[in-house]
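Observations on the model geometry
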Amino acid sequence: MGEMGKFKKTAPELSKIQKEQPFGVPEKYFDDFSARLQMKIEAEKTILPDQANRFVKFFKPALGLAAGFALIFMLVYWPIKMVTPKNGIAKNASPNSKNGISDTQYRTIVEGMDENSFYALLDEPAQTGEISDDDLINYLSSNVSDYDIYVATE
C-alpha cells in the first residue's frame, strides 16, 4: 500500500477534498504591471525629503555633543563641587550681601533666633560708624572658632 492508501484509511473525509489553489492572480494583472511599477518609481523620486528629517540630520551631531557635555558635567563637576569644602565666608557671599554673609547663612542666623531677640534687633537703631577693634575681637572670640578663622585666612 502506498502513501495515498494509508492517507485514505486514516483520514477518509480529508482525502475527499480536491487539491486546488485557493488564491489566484486577477486577470490581465501582469499585462500593465511594468507600466504601473514605473509610475510608482517616478512618483517616489519626485517626493522631496521632509523638512523635519533634514533638521534632525543637521543638528543630530550637535545635540549629541551637547548631551555628552551635560552628562560629563553632571557626573564630574557637581559631585566634586559637593565634596570640596568652601573656603572662607566671602566665597559663599551672594552679590547682594554687604558684609560677606550669604543668604543661606543669614537665613540660618535669623531662624535660630528667638522672637524677643529678633524684635530687639528690629527696634534697635542701625549702627553707623566704625566697629572698634575690641568689639571685633569680642565678637570673633564668642562666635567663631580658631579653625574657622584659620580656614578663612587661607
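Data block above holds the structure.
As the structure is a computational prediction, the values presented were derived from the model and not from experiment.

All right, on to the overall build of the protein then. What the protein contains, in helices and strands, is nine helices and zero strands. Reading the secondary structure of the protein in the N-to-C direction produces α-α-α-α-α-α-α-α-α. The burial tally for the protein puts 5% of its 154 residues in the buried class. Surface summary for the protein: the accessible area is close to 15,000 Å², and the carbon and sulfur share equals 61%.

A few words on unusual backbone geometry. Positioned with a positive phi, K28 is a non-glycine residue whose angle comes to about 60 degrees. Here K28 lies in the loop between α2 (12-15) and α3 (33-46). For K28, a relative accessible area of 65% puts it in the exposed group.

With that settled, the discussion passes to the pattern of salt bridges. Taken as a whole, this structure holds one salt bridge when the rule is applied. Residues D32 and R36 are paired through a salt bridge, measuring 3.5 Å at the closest nitrogen-oxygen approach. Overall, the relative accessible area of 32% leaves R36 in the partly exposed class.

Moving on: a nonpolar patch on the surface. A cluster of nonpolar side chains, contributed by L65, F69, L71, I72, F73, M74, L75, V76, Y77, W78 and I80, occupies part of the molecular surface with about 1,200 Å² of accessible area. Within the fold, W78 resides in helix α4 (residues 51-83).

Cut-off values and rules
- Residues numbered from 1 in each chain as written.
- Predicted model: local features only at pLDDT ≥ 70, side-chain atom pairs only at ≥ 80, totals over all residues.
- Heavy atoms only, no water.
- Helix = DSSP H or I, 4+ residues; strand = E, 2+ residues; numbered from the N terminus.
- Buried < 20%, exposed > 50% of the residue type's maximum accessible area, 1.4 Å probe, protein only.
- Areas by Shrake-Rupley, 256 points an atom, 1.4 Å probe, with all protein chains shown as cover.
- Salt bridge = Lys/Arg side-chain N within 4 Å of Asp/Glu carboxyl O.
- Patch = residues over 30% accessible without salt bridge, like charges linked within 9 Å, V, L, I, M, F, W, Y side chains within 5 Å.

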